[in-house]
Amino acid sequence: MSEKAMETAPKKSGGPALAGLKRYFREQAIPLIVLLLMVVIASCISPVFLSKPNASNLVVQVALNMVVAMGMFVVILTGGIDLGVGSVVAVSGVLVAGFMQNMPVGVAILATMAVCTLIGCFNGLIVARLRIAPFIVTLGMMSFARGVAYWYTQAVPISWARTAGADFMYWLGSGTVGPVPVICLVWLLMIAVTFLLMRFTVIGRILYSLGGNEEAVKLSGISVAKWKVFPYAFSSFCCALGGILLTARLGVGAPTSGEGLDMDAIASVVIGGVSFSGGSGNVSGVVIGVFILGIINNILDLMNVPNYPQLMLKGAIIVVAVILSTIRDKKR
């Protein structure tokens, strides 16, 4: 090609990065618009919403759901579901508070996370090896783990206030690094870990493939059963971390912790554009979904709306989000 022809040839605007950005905004258009609308509506309803104290309260309020939703995202991405997240959060909370009575706080945290991760491995093994529907397996675990939490505490919350690790737990639940709450830094770290895991590792590519076309993964020689365990183990790991954060905030490990959390996590993931049938979705969408739900809860609290209408609204949101997800999947 001559220099003149090269000069007159149309130049391609942007590149792969720009194309990826356009594709992202196209896929996340609805969640982003809903989030912006929620902020505008909440600001109009209550002048307190945009105040610094309420903003700080909001980022702390979403912490538990944000961490747990990261695990739920990975599970749903593979075409599964985990209904036991709230109960595992309760087990985590009572275990860490109980272990701290006789162990250093670091050992108590590691032991708690190990036990809860094993619960997830157990769920995954049953789903993968016995081919039992995840809904049934995790529904059973929801009841079993909640029973364990009540049995361990005898239905009485366990306080960590007089243990050797009380200062650390107080810092974790209520401390700040500069103007940023420590609990906020923890969920930011969990978002980063999940993003890097799913975007840049072999694990992430395999899990996306499992959700998209499990048969193709089998034919490629990859052990589907082995990889199906990971999402449930990761979900329970996230629940363990969430339970520790919640216990640090409350000052006690309570067997009632995490009730209704499964609904919040599922709603956040589906609202964020993750396909309920698996194989499609991203971490940033889940973050948007968590904040949408968090803003709804926050503004309802500011308006002193009772808890029961909030539950009704959450249920309606899940139904609508699943319907939209199904319609979107059919168009692909």
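Conventions and cut-offs
- Residues numbered from 1 in each chain as written.
- Predicted model: local features only at pLDDT ≥ 70, side-chain atom pairs only at ≥ 80, totals over all residues.
- Heavy atoms only, no water.
- Helix = DSSP H or I, 4+ residues; strand = E, 2+ residues; numbered from the N terminus.
- Buried < 20%, exposed > 50% of the residue type's maximum accessible area, 1.4 Å probe, protein only.
- Contact = heavy atoms within 4.5 Å.
- Areas by Shrake-Rupley, 256 points an atom, 1.4 Å probe, with all protein chains shown as cover.
- Axes fitted to C-alpha atoms, helices over the stretch in contact; angles between N-to-C directions.
- Parallel < 35°, antiparallel > 145°, perpendicular 65-115°, else oblique.
- Left-handed = near helix turned anticlockwise from the far one by under 90°.
- Nonpolar A, V, L, I, M, F, W, Y, C, P; charged D, E, K, R; others polar.
- 1 Å grid on protein atoms, 1.4 Å probe; cavity = no way out; pocket = protein on both sides within 12 Å on 5 of 7 lines; lining within 4 Å.
- Points joined across faces, edges and corners; volume = space filled by probe spheres on them.
- Core = buried A, V, L, I, M, F, W, Y, C linked by side-chain atoms within 4.5 Å.
- pLDDT = per-residue confidence, 0-100.
- Lys, Arg positive; Asp, Glu negative; His and termini not counted.
- Salt bridge = Lys/Arg side-chain N within 4 Å of Asp/Glu carboxyl O.
- Expected span 1.5 Å × (residues − 1).
- Phe/Tyr/Trp six-rings, centres within 6.5 Å; stacked < 30°, edge-to-face > 60°.

## Some details on the overall build of the chain
In terms of helices and strands, the chain carries 16 helices and four strands. Per-residue burial over the chain gives 49% buried out of 332 residues. Considering only contacts in the chain between residues 6 or more positions apart, those separated by 24 or more positions represent 79%. Surface exposure of the chain reaches about 16400 Å², of which carbon and sulfur atoms provide 69%.

## Things to note about the packing of helix α3 (residues 29-45) against helix α15 (residues 283-302)
Where α3 meets α15, the axes come as close as 10 Å, and the angle between the chain directions of the two elements is 20 degrees. Accordingly, the angle class assigned to the pair α3 and α15 is roughly parallel. Crossing geometry of α3 relative to α15 is assigned as left-handed. The segment α3 lies against α15, with Pro-31, Leu-32, Val-34, Leu-35, Met-38, Val-39, Ala-42 and Ile-45 engaging Ile-288, Phe-291, Ile-292, Ile-295, Ile-296 and Ile-299.

## Points about the packing of helix α9 (residues 166-174) against helix α13 (residues 224-250)
Between α9 and α13, the shortest axis-to-axis distance is 7 Å and the interhelical angle comes to 100 degrees. Viewed along their axes, α9 and α13 adopt a mutual orientation that is roughly perpendicular. Side by side, α9 and α13 meet where Met-169, Leu-172 and Gly-173 of the first sit next to Ile-244, Leu-245, Thr-247, Ala-248 and Arg-249 of the second. Partitioned by chemical class, the residues of the contact of α9 with α13 number five nonpolar, two polar and one charged.

## Thoughts on empty space enclosed by the protein
Under the criterion given, the structure shown has one cavity of 30 Å³ or more. Looking at the largest cavity, the residues that line it are Val-60, Ala-63, Leu-64, Ile-183, Leu-245, Leu-246 and Arg-249. Sorting the residues of the lining of the largest cavity by element identifies α5 (63-77) and α13 as the ones contributing at least two each. Per element, the largest residue contribution to the lining of the largest cavity is three residues, and it comes from α13. A class-by-class count of the residues in the lining of the largest cavity yields six nonpolar, no polar and one charged.

## Observations regarding the nonpolar core
Of all hydrophobic cores here, the largest spans 91 residues; its most connected members are Met-66, Met-70, Phe-73 and Trp-187. Here Trp-187 is in contact with Val-59, Val-62, Ala-63, Met-66, Val-67 and Phe-291, once residues within four sequence places are set aside. Counting five residues, the second-largest nonpolar core is a separate cluster that includes Val-75, Val-127, Val-137 and Tyr-232.

## Details of the confidence of the model for the chain
In this model, the chain carries a mean pLDDT of 87, and residues with pLDDT of at least 70 account for 92%. Per-element confidence in the chain ranges from a low mean pLDDT of 45 for helix α1 (residues 3-8) to a high of 96 for helix α6 (residues 85-99). Low pLDDT, under 50, characterises residues 1-12; the stretch is placed with one contact to residues that sit more than four places away or in other chains.

## A few points about the side chain of Arg-146
Take Arg-146: it is sitting in helix α8 (residues 134-153). One buried charged residue, Arg-146, remains without a salt bridge, the closest side chain of opposite sign being Glu-259 at 4.6 Å. With residues up to four places along the chain from it excluded, the contact list for Arg-146 reads Gly-86, Ser-87, Ala-90, Met-141, Pro-255, Thr-256, Ser-257, Gly-258 and Glu-259.

## What to know about the layout of surface pockets
Volume-wise, the second largest pocket comes out at about 670 Å³. Lining the second largest pocket are 24 residues, with Gln-61, Leu-64, Asp-264, Asn-297 and Lys-314 positioned closest to its centre. Elements with a minimum of two residues in the lining of the second largest pocket: α5, α13, α14 (261-271), α15 and α16 (307-331). The biggest single contributor to the lining of the second largest pocket is α15, with five residues.

## Description of α15
Between its first and last C-alpha, α15 extends 28 Å over 20 residues, near the 28 Å set by a 1.5 Å rise per residue. Counting buried positions along α15 yields 17 of 20 residues, so the element is predominantly enclosed. Asn-304 occupies a position one or two residues after α15 and carries a positive phi of about 60 degrees.

## Thoughts on unusual backbone geometry
Within the chain, Gln-154 stands out as a residue other than glycine whose phi angle is a positive 55 degrees. The phi dihedral of Ala-155 is positive, around 65 degrees, even though this residue is not glycine. According to the relative accessible area criterion, Ala-155 is partly exposed, its value standing at 47%.

## Some words on the packing of aromatic side chains
Overall, the coordinates contain four aromatic pairs when judged by the stated rule. With centroids separated by 5.9 Å and ring planes inclined at 40 degrees, the aromatic side chains of Phe-168 and Trp-171 adopt a geometry described as tilted. Note that Phe-168 and Trp-171 are positioned in helix α9 at a spacing of three residues, about one turn of the helix. The class for Trp-171 is partly exposed, based on a relative accessible area of 39%.

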